Amino acid sequence: MTPGHDPRPTDPAGRATQVGLAFAVVSAVSFGLSGPFAKALIDAGWSSAGAAFVRIGGSAVVVLVLLAVMRPGVLAALRSDAPALLLYGLMAMAGVQVAFFNAVRYMPVSIALLLEYLGPVLVIAWVWVVRRQPPSRRTLAGAAVAIAGLLLVVQIWSGTAVPPAGLAWGLVAAVCQASYFLLADRAGATTPPLVLAGVGMAVGTVVVGVLGVVGLLPLVVTTPPDGPVVLAGADVGWVVAAGLLVLVSTVVAYLTGVLAIRRIGAARGSLVALLEVVASAVASWLLLGEVPAAVQLAGGVLILAGVALTRSRPAGLAEP
(Lines give C-alpha, C1' and ligand atoms only; values in the text may rest on other atoms or scores of the structure.)
Protein backbone atom coordinates (compact mmCIF):
# COMPACT_ATOMS: atom_id res chain seq x y z
CA MET A 1 0.00 0.00 0.00
CA THR A 2 1.34 3.40 -0.90
CA PRO A 3 2.25 5.44 2.21
CA GLY A 4 -0.29 8.13 2.90
CA HIS A 5 -2.87 6.52 0.62
CA ASP A 6 -6.40 6.51 2.05
CA PRO A 7 -8.05 3.18 1.15
CA ARG A 8 -11.52 4.42 2.05
CA PRO A 9 -13.78 5.05 -0.97
CA THR A 10 -14.89 8.55 -1.67
CA ASP A 11 -18.45 9.48 -0.74
CA PRO A 12 -19.81 11.96 -3.30
CA ALA A 13 -23.21 12.11 -1.62
CA GLY A 14 -21.70 12.84 1.78
CA ARG A 15 -19.38 15.46 0.34
CA ALA A 16 -22.31 17.12 -1.45
CA THR A 17 -24.24 17.16 1.82
CA GLN A 18 -21.36 18.83 3.66
CA VAL A 19 -21.01 21.45 0.94
CA GLY A 20 -24.76 21.99 0.97
CA LEU A 21 -24.81 22.49 4.73
CA ALA A 22 -21.95 24.99 4.45
CA PHE A 23 -23.87 26.94 1.80
CA ALA A 24 -27.00 26.82 3.98
CA VAL A 25 -25.15 28.26 6.99
CA VAL A 26 -23.66 31.08 4.88
CA SER A 27 -27.12 31.82 3.49
CA ALA A 28 -28.75 31.89 6.95
CA VAL A 29 -26.06 34.18 8.39
CA SER A 30 -26.28 36.49 5.35
CA PHE A 31 -30.06 36.70 5.67
CA GLY A 32 -29.70 37.34 9.40
CA LEU A 33 -27.56 40.40 8.73
CA SER A 34 -30.35 42.01 6.70
CA GLY A 35 -32.22 43.10 9.84
CA PRO A 36 -29.48 45.35 11.27
CA PHE A 37 -28.54 46.74 7.83
CA ALA A 38 -32.17 47.58 7.02
CA LYS A 39 -32.90 48.92 10.51
CA ALA A 40 -29.98 51.34 10.26
CA LEU A 41 -31.50 52.74 7.07
CA ILE A 42 -35.03 52.80 8.50
CA ASP A 43 -33.84 54.62 11.64
CA ALA A 44 -32.23 57.17 9.31
CA GLY A 45 -35.56 57.96 7.63
CA TRP A 46 -36.22 55.26 5.04
CA SER A 47 -39.51 53.35 5.10
CA SER A 48 -39.49 49.56 5.52
CA ALA A 49 -40.91 49.13 2.02
CA GLY A 50 -38.32 51.56 0.66
CA ALA A 51 -35.51 49.48 2.15
CA ALA A 52 -37.10 46.34 0.69
CA PHE A 53 -37.39 47.94 -2.74
CA VAL A 54 -33.74 49.02 -2.75
CA ARG A 55 -32.73 45.60 -1.47
CA ILE A 56 -34.51 43.63 -4.18
CA GLY A 57 -33.98 46.17 -6.95
CA GLY A 58 -30.28 46.64 -6.28
CA SER A 59 -29.78 42.89 -6.12
CA ALA A 60 -31.67 42.44 -9.38
CA VAL A 61 -29.30 44.87 -11.11
CA VAL A 62 -26.21 43.05 -9.77
CA VAL A 63 -27.43 39.58 -10.71
CA LEU A 64 -28.77 40.64 -14.11
CA VAL A 65 -25.36 42.14 -14.94
CA LEU A 66 -23.76 38.82 -13.96
CA LEU A 67 -26.28 37.01 -16.16
CA ALA A 68 -25.46 39.28 -19.10
CA VAL A 69 -21.74 38.53 -18.70
CA MET A 70 -21.95 34.80 -17.94
CA ARG A 71 -25.00 33.91 -20.11
CA PRO A 72 -25.81 30.70 -18.19
CA GLY A 73 -28.73 29.56 -20.36
CA VAL A 74 -31.32 32.19 -19.44
CA LEU A 75 -33.60 31.60 -22.43
CA ALA A 76 -33.51 27.82 -21.99
CA ALA A 77 -34.40 28.23 -18.31
CA LEU A 78 -37.27 30.59 -19.13
CA ARG A 79 -38.66 28.11 -21.65
CA SER A 80 -38.46 25.15 -19.27
CA ASP A 81 -39.23 26.75 -15.89
CA ALA A 82 -41.01 30.05 -16.61
CA PRO A 83 -43.99 29.44 -14.26
CA ALA A 84 -41.70 28.46 -11.39
CA LEU A 85 -39.44 31.45 -12.00
CA LEU A 86 -42.36 33.88 -11.99
CA LEU A 87 -43.85 32.29 -8.88
CA TYR A 88 -40.44 32.42 -7.19
CA GLY A 89 -40.20 36.16 -7.84
CA LEU A 90 -43.77 36.79 -6.74
CA MET A 91 -43.70 34.77 -3.52
CA ALA A 92 -40.11 34.06 -2.49
CA MET A 93 -38.89 37.59 -3.26
CA ALA A 94 -41.75 40.10 -3.06
CA GLY A 95 -44.34 38.08 -1.12
CA VAL A 96 -42.24 37.38 1.97
CA GLN A 97 -41.30 41.00 2.51
CA VAL A 98 -44.68 42.52 1.68
CA ALA A 99 -46.51 40.07 3.94
CA PHE A 100 -44.05 40.50 6.81
CA PHE A 101 -44.11 44.30 6.62
CA ASN A 102 -47.93 44.23 6.71
CA ALA A 103 -47.90 41.79 9.63
CA VAL A 104 -45.77 44.09 11.79
CA ARG A 105 -48.35 46.84 11.28
CA TYR A 106 -50.72 44.86 13.50
CA MET A 107 -48.47 43.01 15.97
CA PRO A 108 -45.06 43.04 17.65
CA VAL A 109 -42.14 42.10 15.43
CA SER A 110 -41.38 39.04 17.59
CA ILE A 111 -44.80 37.48 16.98
CA ALA A 112 -44.70 38.33 13.26
CA LEU A 113 -41.27 36.68 13.06
CA LEU A 114 -42.56 33.57 14.80
CA LEU A 115 -45.46 33.29 12.35
CA GLU A 116 -43.11 33.70 9.38
CA TYR A 117 -40.85 30.96 10.70
CA LEU A 118 -43.67 28.47 10.58
CA GLY A 119 -42.33 28.16 7.01
CA PRO A 120 -39.95 25.25 7.79
CA VAL A 121 -42.83 23.34 9.39
CA LEU A 122 -44.90 23.88 6.24
CA VAL A 123 -41.99 22.67 4.09
CA ILE A 124 -41.63 19.43 6.05
CA ALA A 125 -45.40 18.89 5.93
CA TRP A 126 -45.49 19.52 2.15
CA VAL A 127 -42.60 17.15 1.45
CA TRP A 128 -44.19 14.52 3.69
CA VAL A 129 -47.80 14.75 2.46
CA VAL A 130 -47.54 15.91 -1.17
CA ARG A 131 -44.25 14.32 -2.24
CA ARG A 132 -44.76 11.32 0.04
CA GLN A 133 -41.21 11.59 1.34
CA PRO A 134 -41.42 11.15 5.12
CA PRO A 135 -38.64 12.82 7.10
CA SER A 136 -36.58 10.73 9.46
CA ARG A 137 -37.17 10.74 13.20
CA ARG A 138 -33.90 12.64 13.53
CA THR A 139 -35.22 15.41 11.29
CA LEU A 140 -38.52 15.60 13.18
CA ALA A 141 -36.63 15.77 16.49
CA GLY A 142 -34.38 18.50 15.10
CA ALA A 143 -37.41 20.44 13.92
CA ALA A 144 -39.06 20.22 17.34
CA VAL A 145 -35.91 21.35 19.17
CA ALA A 146 -35.29 24.20 16.71
CA ILE A 147 -38.89 25.45 16.91
CA ALA A 148 -38.67 25.36 20.72
CA GLY A 149 -35.54 27.47 20.49
CA LEU A 150 -37.28 29.86 18.14
CA LEU A 151 -40.07 30.34 20.70
CA LEU A 152 -37.46 31.37 23.26
CA VAL A 153 -35.66 33.73 20.88
CA VAL A 154 -38.75 35.67 19.80
CA GLN A 155 -40.32 35.50 23.31
CA ILE A 156 -43.90 35.20 22.06
CA TRP A 157 -45.26 35.47 25.62
CA SER A 158 -44.17 39.11 25.78
CA GLY A 159 -46.59 40.18 23.03
CA THR A 160 -50.24 41.14 23.12
CA ALA A 161 -53.26 39.49 21.54
CA VAL A 162 -52.83 38.84 17.82
CA PRO A 163 -55.34 40.73 15.64
CA PRO A 164 -56.94 38.61 12.87
CA ALA A 165 -55.47 40.80 10.11
CA GLY A 166 -51.97 40.45 11.56
CA LEU A 167 -52.40 36.70 11.95
CA ALA A 168 -53.47 36.42 8.31
CA TRP A 169 -50.49 38.41 7.03
CA GLY A 170 -48.11 36.43 9.24
CA LEU A 171 -49.39 33.14 7.87
CA VAL A 172 -49.07 34.48 4.31
CA ALA A 173 -45.44 35.32 5.12
CA ALA A 174 -44.92 31.74 6.33
CA VAL A 175 -46.40 30.32 3.11
CA CYS A 176 -44.21 32.63 1.01
CA GLN A 177 -41.12 31.68 3.00
CA ALA A 178 -41.91 27.99 2.50
CA SER A 179 -42.29 28.63 -1.24
CA TYR A 180 -38.71 29.94 -1.33
CA PHE A 181 -37.38 26.53 -0.30
CA LEU A 182 -39.85 24.43 -2.29
CA LEU A 183 -39.51 26.39 -5.54
CA ALA A 184 -35.72 26.43 -5.31
CA ASP A 185 -35.83 22.67 -4.75
CA ARG A 186 -38.33 22.13 -7.56
CA ALA A 187 -36.56 24.14 -10.28
CA GLY A 188 -35.09 21.82 -12.86
CA ALA A 189 -31.41 21.05 -13.17
CA THR A 190 -31.40 23.15 -16.35
CA THR A 191 -32.17 26.28 -14.31
CA PRO A 192 -28.90 27.63 -12.86
CA PRO A 193 -29.12 29.25 -9.41
CA LEU A 194 -28.01 32.57 -10.90
CA VAL A 195 -30.95 32.52 -13.34
CA LEU A 196 -33.42 31.57 -10.61
CA ALA A 197 -32.21 34.39 -8.36
CA GLY A 198 -31.91 36.98 -11.15
CA VAL A 199 -35.32 36.44 -12.69
CA GLY A 200 -36.89 36.19 -9.24
CA MET A 201 -35.33 39.46 -8.13
CA ALA A 202 -36.46 41.22 -11.31
CA VAL A 203 -40.03 40.00 -10.83
CA GLY A 204 -39.95 40.92 -7.13
CA THR A 205 -38.71 44.42 -7.93
CA VAL A 206 -41.56 45.00 -10.37
CA VAL A 207 -44.15 43.72 -7.88
CA VAL A 208 -42.91 45.87 -4.96
CA GLY A 209 -42.52 48.87 -7.28
CA VAL A 210 -46.08 48.57 -8.58
CA LEU A 211 -47.44 48.22 -5.03
CA GLY A 212 -45.54 51.39 -4.12
CA VAL A 213 -46.81 53.32 -7.13
CA VAL A 214 -50.46 52.46 -6.40
CA GLY A 215 -49.99 53.44 -2.74
CA LEU A 216 -50.27 50.03 -1.08
CA LEU A 217 -46.66 50.25 0.14
CA PRO A 218 -45.02 53.53 1.25
CA LEU A 219 -41.74 53.75 -0.66
CA VAL A 220 -39.61 56.33 1.15
CA VAL A 221 -35.94 56.44 0.16
CA THR A 222 -34.15 59.69 0.95
CA THR A 223 -30.59 60.27 -0.25
CA PRO A 224 -28.97 61.56 1.81
CA PRO A 225 -31.18 60.19 4.61
CA ASP A 226 -32.69 62.39 7.29
CA GLY A 227 -30.29 61.13 9.96
CA PRO A 228 -27.05 59.17 10.44
CA VAL A 229 -26.85 55.53 9.32
CA VAL A 230 -25.27 53.96 12.38
CA LEU A 231 -23.68 50.49 12.48
CA ALA A 232 -21.39 49.42 15.34
CA GLY A 233 -21.52 52.95 16.74
CA ALA A 234 -20.27 54.66 13.57
CA ASP A 235 -22.08 56.60 10.85
CA VAL A 236 -21.27 54.45 7.81
CA GLY A 237 -23.48 56.34 5.37
CA TRP A 238 -26.42 55.04 3.36
CA VAL A 239 -24.25 53.81 0.48
CA VAL A 240 -22.34 51.35 2.68
CA ALA A 241 -25.44 50.12 4.52
CA ALA A 242 -27.45 49.75 1.32
CA GLY A 243 -24.51 48.06 -0.40
CA LEU A 244 -24.20 45.51 2.40
CA LEU A 245 -27.96 44.96 2.34
CA VAL A 246 -27.89 44.31 -1.41
CA LEU A 247 -24.65 42.37 -1.86
CA VAL A 248 -24.39 40.38 1.37
CA SER A 249 -27.94 40.00 2.66
CA THR A 250 -29.58 39.44 -0.71
CA VAL A 251 -27.25 38.42 -3.56
CA VAL A 252 -25.01 36.17 -1.44
CA ALA A 253 -27.92 35.01 0.75
CA TYR A 254 -30.19 33.92 -2.10
CA LEU A 255 -27.49 32.39 -4.29
CA THR A 256 -25.97 30.31 -1.48
CA GLY A 257 -29.48 29.39 -0.34
CA VAL A 258 -30.39 27.99 -3.74
CA LEU A 259 -27.05 26.16 -3.99
CA ALA A 260 -27.69 24.65 -0.55
CA ILE A 261 -31.21 23.49 -1.35
CA ARG A 262 -29.99 21.81 -4.55
CA ARG A 263 -27.67 19.67 -2.40
CA ILE A 264 -29.55 19.00 0.83
CA GLY A 265 -33.19 19.44 -0.19
CA ALA A 266 -35.93 21.80 0.89
CA ALA A 267 -36.78 20.16 4.21
CA ARG A 268 -33.34 20.29 5.77
CA GLY A 269 -32.49 23.58 4.07
CA SER A 270 -35.50 25.21 5.72
CA LEU A 271 -34.41 23.97 9.14
CA VAL A 272 -30.84 25.22 8.77
CA ALA A 273 -32.37 28.57 7.77
CA LEU A 274 -33.57 28.92 11.37
CA LEU A 275 -29.97 29.94 12.09
CA GLU A 276 -31.00 33.26 10.57
CA VAL A 277 -32.74 34.10 13.85
CA VAL A 278 -29.54 33.44 15.81
CA ALA A 279 -27.43 35.40 13.33
CA SER A 280 -29.87 38.29 13.43
CA ALA A 281 -29.78 38.41 17.24
CA VAL A 282 -25.96 38.35 17.33
CA ALA A 283 -25.67 40.93 14.54
CA SER A 284 -28.17 43.22 16.27
CA TRP A 285 -26.08 42.92 19.43
CA LEU A 286 -22.79 43.77 17.68
CA LEU A 287 -24.01 46.33 15.13
CA LEU A 288 -26.97 47.99 16.87
CA GLY A 289 -26.18 47.47 20.55
CA GLU A 290 -29.37 45.45 21.10
CA VAL A 291 -28.20 42.99 23.76
CA PRO A 292 -30.13 39.69 23.68
CA ALA A 293 -31.68 38.42 26.89
CA ALA A 294 -30.42 35.25 28.56
CA VAL A 295 -33.53 33.37 27.46
CA GLN A 296 -32.85 34.38 23.86
CA LEU A 297 -29.30 33.05 24.09
CA ALA A 298 -30.73 29.77 25.41
CA GLY A 299 -33.11 29.72 22.46
CA GLY A 300 -30.20 30.22 20.08
CA VAL A 301 -28.45 27.21 21.59
CA LEU A 302 -31.57 25.11 21.04
CA ILE A 303 -31.81 26.23 17.41
CA LEU A 304 -28.20 25.25 16.84
CA ALA A 305 -28.83 21.89 18.50
CA GLY A 306 -31.92 21.30 16.37
CA VAL A 307 -30.02 22.08 13.18
CA ALA A 308 -27.20 19.76 14.26
CA LEU A 309 -29.71 16.92 14.61
CA THR A 310 -30.51 17.20 10.91
CA ARG A 311 -26.91 16.60 9.86
CA SER A 312 -27.59 13.06 8.66
CA ARG A 313 -29.60 13.10 5.44
CA PRO A 314 -33.28 12.22 6.06
CA ALA A 315 -34.07 8.77 4.70
CA GLY A 316 -36.95 9.93 2.55
CA LEU A 317 -35.23 12.86 0.89
CA ALA A 318 -33.11 12.13 -2.13
CA GLU A 319 -30.39 14.49 -3.23
CA PRO A 320 -31.81 16.91 -5.84
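Analysis parameters
- Residues numbered from 1 in each chain as written.
- Predicted model: local features only at pLDDT ≥ 70, side-chain atom pairs only at ≥ 80, totals over all residues.
- Heavy atoms only, no water.
- Helix = DSSP H or I, 4+ residues; strand = E, 2+ residues; numbered from the N terminus.
- Buried < 20%, exposed > 50% of the residue type's maximum accessible area, 1.4 Å probe, protein only.
- Contact = heavy atoms within 4.5 Å.
- Areas by Shrake-Rupley, 256 points an atom, 1.4 Å probe, with all protein chains shown as cover.
- Salt bridge = Lys/Arg side-chain N within 4 Å of Asp/Glu carboxyl O.
- 1 Å grid on protein atoms, 1.4 Å probe; cavity = no way out; pocket = protein on both sides within 12 Å on 5 of 7 lines; lining within 4 Å.
- Points joined across faces, edges and corners; volume = space filled by probe spheres on them.
- Nonpolar A, V, L, I, M, F, W, Y, C, P; charged D, E, K, R; others polar.
- Axes fitted to C-alpha atoms, helices over the stretch in contact; angles between N-to-C directions.
- Parallel < 35°, antiparallel > 145°, perpendicular 65-115°, else oblique.
- Left-handed = near helix turned anticlockwise from the far one by under 90°.

Student: Pulling in residues and values, what's your account of the overall build of the protein?
Tutor: When its secondary structure is counted, the protein shows 12 helices and 2 strands. Each helix and strand of the protein, ordered N terminal to C terminal, gives the series α-α-α-α-α-α-α-α-α-β-β-α-α-α. Considering the protein as a whole, with its 320 residues, one finds that 47% of them fall into the buried category. In the protein, once contacts between residues fewer than 6 apart in sequence are set aside, the share between residues at least 24 apart is 89%. When the accessible surface of the protein is totalled, it reaches about 14400 Å², and 71% of it is carbon and sulfur.

Student: Run through the pattern of salt bridges, naming residues and quoting values.
Tutor: Within this structure, the stated rule accounts for 1 salt bridge. Lysine 39 is the partner of aspartate 43 in a salt bridge, and the nearest nitrogen-oxygen pair spans 3.1 Å. Separated by 4 residues within a single helix, aspartate 43 and lysine 39 lie in helix H2 (residues 34-43), roughly one turn from each other.

Student: Residue-level account of the layout of surface pockets, with values.
Tutor: Reported here for the second largest pocket is a volume of approximately 200 Å³. Looking at the lining of the second largest pocket, the elements that each hand over two or more residues are helix H4 (74-103), helix H6 (119-129) and helix H8 (164-186). No other element matches the 5 residues that H8 contributes to the lining of the second largest pocket. For the lining of the second largest pocket, the residue count by class is 8 nonpolar, 1 polar and 1 charged.

Student: Mind laying out the packing of helix H3 (residues 48-70) against H4, listing which residues take part and the relevant values?
Tutor: In the contact formed by H3 and H4, the axes pass within 10 Å of each other and the chain directions differ by 160 degrees. With respect to H4, the element H3 is oriented roughly antiparallel. In the crossing of H3 with H4, the sense of the turn from one axis to the other is right-handed. On H4, the residues that touch Ser48, Ala49, Ala52, Arg55, Ile56 and Leu67 of H3 are Val74, Met93, Ala94, Gln97 and Phe101. Tallied by class, residues from the contact of H3 with H4 come to 8 nonpolar, 2 polar and 1 charged.

Student: Help me get a handle on the packing of helix H9 (residues 193-213) against helix H10 (residues 237-272), residues and values and all.
Tutor: The N-to-C vectors of H9 and H10 enclose an angle of 135 degrees; their axes lie 9 Å apart at closest approach. Considering their axes alone, H9 and H10 lie oblique with respect to each other. The hand of the H9/H10 crossing is right-handed. The segment H9 lies against H10, with Pro193, Leu194, Leu196, Ala197 and Met201 engaging Thr250, Val251, Tyr254, Leu255, Val258, Leu259 and Arg262. Tallied by class, residues from the contact of H9 with H10 come to 10 nonpolar, 1 polar and 1 charged.

Function cannot be read off these values alone, since they describe shape.
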